[in-house]
Amino acid sequence: MSGATLASLNAAVKRFGKITALDQLTLSVGKGEILALLGHNGAGKSTAINILLGLQRPDSGHAELFGLDPQEIAARRRIGIMMQEVGLSPALKPRELIRQVSNYYHSPYDTEAVIKRLSLESLAERRYGVLSGGQKRQVQFGMAICGRPELLFLDEPSVGMDVHARSSLWEVIRDLRREGCSIVLTTHNLEEAEALADRVTVIAHGKLVASGTVDQIRSYVSRKTIFCKSTLPADTIRAWPGVEQLHEELGRLQIVTHDAESILRQLLNGDAQVRDIEVRRAGLTEAFVEITNANQAANGNGGGQEKAR
Amino acid sequence: MSVDTMTNYSTSSLSGSRLLGAYLGDIKIEFTKMIRTPAFAVPTLFFPAMFYVLFGVVMQGGDPEASLQIFARMGVFGTMAPGLFGFGVSLAFEREYGQLTFKQALPTPPGSYLLARMLMAMLFASIIATLLIVLAVTLTKAPLTAVSAIKVFFIEVLGVLPFCAMGLFVGSAASGQAAPAIVNIIYLPMAFLSGLWFPLQYLKYPIFQEMAPLWPSFHLSQIALHELGKESFGSMGSHFCALIGITLLFFTIAVRRLSGAGVHMFGARRPGAAVRKSRLLGTAVIFVSIALIIAGVMGGHEKVPAVTSTVAAEEGAGSPVTDTQSAAPVGVTAPETTQLANFDGGSTAVSYGLGWIAADDKTRGGDSVSAVKLTSGGAAGSKAAMEVAGTVGTAIAYPFAGTVFFPAGDTRTGFEKWGFMDYSKRKTLRFQVRGDGQDYLVMFIGPVMGGIPAMYHFTAGQDWKEVSVPLRDLASLDLERVKMVGIGTMTAGPFRFEIDDVRIE
C-alpha cells in the first residue's frame, strides 16, 4: 500500500441482535490500489461495505471515508458504487440512468464517453428492463464509474457476464486503477480477485483473518501439486517421504507435497520415462479455503485467534 | 489517519447550478419513468377525463350546472391517483428491490427523491386538471369562468399533497406485491365515500355521511365545489385544517418508518442531539397534525349554500335549479297536526298545502293518466277513502301516475314559486292502503330535481293494511325541504289503489 488512506474501518463493531456481524474489524483502502475483500456468506463483508458507504453506523469504533463520516454527502461524492442486487426502473434507458447518476457528482465523465468506454452504444437507448443480467451489470458499472470516482466499490461486478464482457470489464477496472482510482472489490469469484487485486483481505466471523498481496496470501499454503505421467507404481511413490496425497486421474498422477523439489528429484532419478511434468502452486482458492478452515478450527477450539496478519 | 494533502478534501458542496441540475435531473427521470409505465400513466391520466365525459356529459345531457358539479368531483378524483400510486406503489417496489438503498449510498442530494416524486405527481395532476377544463369548456355549457378554472386548477395541483403523504405511508410499510392492492383498496372506496361518484345524500346509511370528513378527498372536493359556487359542506377553514393535518401526519409517520429502516430521506444524521431533536420535532408534528385533523373533521358538517341560489333564497322561495342539491333555505316548519287527510269530510284536501290531487307525467312529455275520487267505506270502518286509478304510459323513460301533495303549495302561484315544508321533527309517514295487488311507491321531492328522488316501495293488496314509511332512513331525503309527496307507480299499465288516514308523525 502506498500513499494516503481513502477509506478505513477502525475497530468497528456492528451487532444485529445476538449476531456480531463485525467484531473489532480494522481495515483500510490505500490510494491507487485494488483491495479484494473475501469471506464466506455472512462473514461480515457486506456489513463492512455498508458502513463504509454510510448505509449503517458501527455500534462502536470508527469509519472514515476521505477523512469524513461516510454519511456525509461530500464523502460519497468521491466514490462510485456498484451494488450486488439492485432493481433499477425497467422503463428507463441506460443513457438516462447513467446521466442521472452523473448529475450527483462534481465533475463526472461525459455520459457518452462512459457509454463508449464500456461499449454500451447498442444498449444505450433500449429499456433497462429488456436487458440481460450481464448487460444490466454493465450498465450498473457505468453508473458506478460515471462520477469520476476516486474510490470505487464493486460488489460481485462480473456476475452474469459472459467471458468476453467479463474480460473487458476487468480491462476497464485495470485502466481505472492505472488512472489512480482505488477499488474495493467484494467477490466470491476468487479467480476475479486473483486477476485484479493488489491486496486481499479475508474476513471471517466479522474479523480480519488474513491480509496481504495475492502472492502473500497464496503462500499461506506452501503445498504444491506435481502433475506427471510416470511408469512407477503409484504405491511406490505414495511411500516416499514428503508425499502427502496422491491421486491418479486419467493415467496422470497428482502428487501433493510441501517439498516439491525433492519429490521431483526422486521422480526424475527413479523413472527415465516420466513426462508431462507440471508443478502448480496453490491458488487463491486453496489459500482461502485453508485460511477460513483454520480460522473455523481456531474458533472451534475456543481460541478465537486470528490466523495471520 | 493519513490524509493525502495533495487532494483538497474540503470540496464539499456542489455548485448551485450543478445542484439544481441534480434536482432537475431527478424530477425529469421520475416523470419519464412514470409516463413510460402504462399501468400507471393510462388510468391516472385518462380515467378522470373518461368518467367526467360519462357522468358529466353523457349522463347529464350537457346540463351545465350538473356537469359543473361533476367537473369539480372528477377533478378531485384525478388528484388522488398520482400521489397514491406514484408514491405508494413505486416506493414499495423500490424499497423491496434495493433501489432505495442504492440511492441512499449515492450522493443523491437531500430530499430530492421525495421532491422529484412530489413534483411528478403535481405535473400529472396539472395534466389531468387541464384535460378536464378543456372538456368542460368544449363539451358542456358549464358556467366555468377563467378565474374559477385557474382556482380549481391550483386546488387540484396542490391537492395531490395529502395523497402523496398517504402513498408515502403505504410505500413505507407495504411490500411491493401488496402495495397495489392496498392502494386500490384505499383509493376507490375513498373516492366513493367522499361523494365523488354520487352526492353523499344518496348514501343510504347516514353513518357514511358522518364519516365523510375523515377522507381528504371529501375536504378537497368541498373546497373545489365552494370555489365553483356550488353548495358545499363545512367551513373552508376546517377543510384546510384537515388536509394539512392529514398531509403532515402521514408524511411524518412515513419518514420516521423509513428512517427506522435505515432510509433517510433527508440525509442521515449523526446519532446524538440532532437525532433526538428531530424525533422530538416529529412527535410534535404528529400531535399538531392530529389536532388539525380533529378540527377539520369537526368543522365539516354544516351546509354552505350554493352562490348561484342566493337570489332565489332571498325571494323566500325554493329555486328549482335543476339537479343542484338544496340551493334553498330550510322549509317552513310543518303545522302541528299529524293528519294529512282522512277523506271523511268529503274532500281529498289536506288541511294545508295543495293536495291530494291526481298527478301524471304529461308536463314531462309522458302519456300516463291518473284520476282521484272519493269512495265510500274507508279503512277500519271509516266513512270514506280516496281511490287513485289510471294507466301508466310508455312515452318517456321515467313515467309516473298517482296522487301528489305539495305541503307548501297553493293554487294562486305555481310550482316554481312554492317553497318547502320542514318535516325534520317527524319520523314516519303512515297510511292505510288497499288495491289491485301491484307494487307502488311513495316518492319525496325536495330541492333536487332531475336526480333520483327519495322513494319507498310497498304493495297494495286486497285488504286494508298500514304502510309506515321510516322517513329518517330514506336515502337522499332532505326532511327539512320537502316540496312534494307522491304516491303512485312507475310501472306501465293500468293501476288502481285506495288510501285512507294519511299521517305524518
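This structure is a prediction, so every number in the text was calculated from the model and none was measured.

A. Structural context of the sheet that holds strand S5 (residues 369-376) of chain B. Residues and elements named next belong to chain B. On the basis of which strands lie adjacent, the open sheet formed by 5 strands has the order S5-S6-S14-S9-S12 and antiparallel pairing. The open sheet has two edge strands, S5 and strand S12 (465-470), and neither has a second partner. Strand-to-strand twist in this sheet, taken as the mean axis angle between neighbours without regard to direction, amounts to 30 degrees. Across 6 bridges, the pairing between strand S9 (residues 428-435) and strand S14 (residues 493-504) is antiparallel. Within S14, the position partnered with Val 433 by the bridge is Ile 499.

B. Examining the environment of Arg 279 of chain B more closely. Here Arg 279 of chain B lies in helix H12 (residues 273-298). For Arg 279 of chain B and Thr 252 of chain B, which are 27 residues apart along the polypeptide, the C-alpha to C-alpha distance reads 9.9 Å.

C. Focus on the interface of chain B and chain A. At the interface, 32 residues of chain B touch 36 residues of chain A. Contributing elements (two or more residues each) for the side of chain B that touches chain A: helix H1 (16-35) and helix H4 (99-105) of chain B.

D. Up close: the sheet that holds strand S1 (residues 5-16) of chain A. All names here are of chain A. Strand order in the open sheet formed by 3 strands is S2-S1-S4, with antiparallel pairing between adjacent strands. Among the strands making up the open sheet, the edge pair consists of strand S2 (19-30) and strand S4 (60-65). Averaged over all pairs of adjacent strands, the angle between strand axes in this sheet comes to 15 degrees, irrespective of strand direction. Alignment of S1 against S4, held across 5 bridges, turns out to be antiparallel. Across the sheet, Ala 7 pairs through a bridge with Leu 65, a residue of S4. Strand contacts of helix H1 (residues 45-52): S1, S2 and S4, with the helix running at about 120 degrees to S1, the strand carrying the most contacts.

E. Quick look at the confidence of the model for chain B. Residue and element names in this part refer to chain B. In this model, chain B carries an average pLDDT of 84, and 90% of its residues clear a pLDDT of 70 or more. When the elements of chain B are averaged for pLDDT, helix H13 (residues 310-314) gives the smallest value, 34, and helix H7 (residues 160-173) the largest, 95. Below a pLDDT of 50 lies the segment residues 1-10, which in the model reaches 14 contacts outside its immediate sequence neighbourhood of four places, other chains included. Under a pLDDT of 50 for its full length, residues 308-327 has, in the predicted model, 60 contacts with residues more than four places off or in other chains. Across the assembled chains, the prediction reports ipTM 0.82 with pTM 0.70.

F. Summary view of unusual backbone geometry. Gly 355 of chain B connects to Trp 356 of chain B through a cis peptide bond whose omega is 5 degrees. Relative to the helices and strands, Trp 356 of chain B resides in strand S4 (residues 354-359). Despite not being glycine, His 205 of chain A has its phi angle at roughly 50 degrees, a positive value. Its identity as a non-glycine residue notwithstanding, Leu 250 of chain A has a phi of 50 degrees, on the positive side. Mapped onto the secondary structure, Leu 250 of chain A falls in the loop between strand S11 (243-249) and strand S12 (252-257).

Calculation notes
Residues numbered from 1 in each chain as written. Chains lettered and ligands numbered in written order. Predicted model: local features only at pLDDT ≥ 70, side-chain atom pairs only at ≥ 80, totals over all residues. Pairing = 2+ DSSP bridges. Helix = DSSP H or I, 4+ residues; strand = E, 2+ residues; numbered from the N terminus. Axes fitted to C-alpha atoms, helices over the stretch in contact; angles between N-to-C directions. Contact = placed C-beta atoms within 7 Å. pLDDT = per-residue confidence, 0-100.

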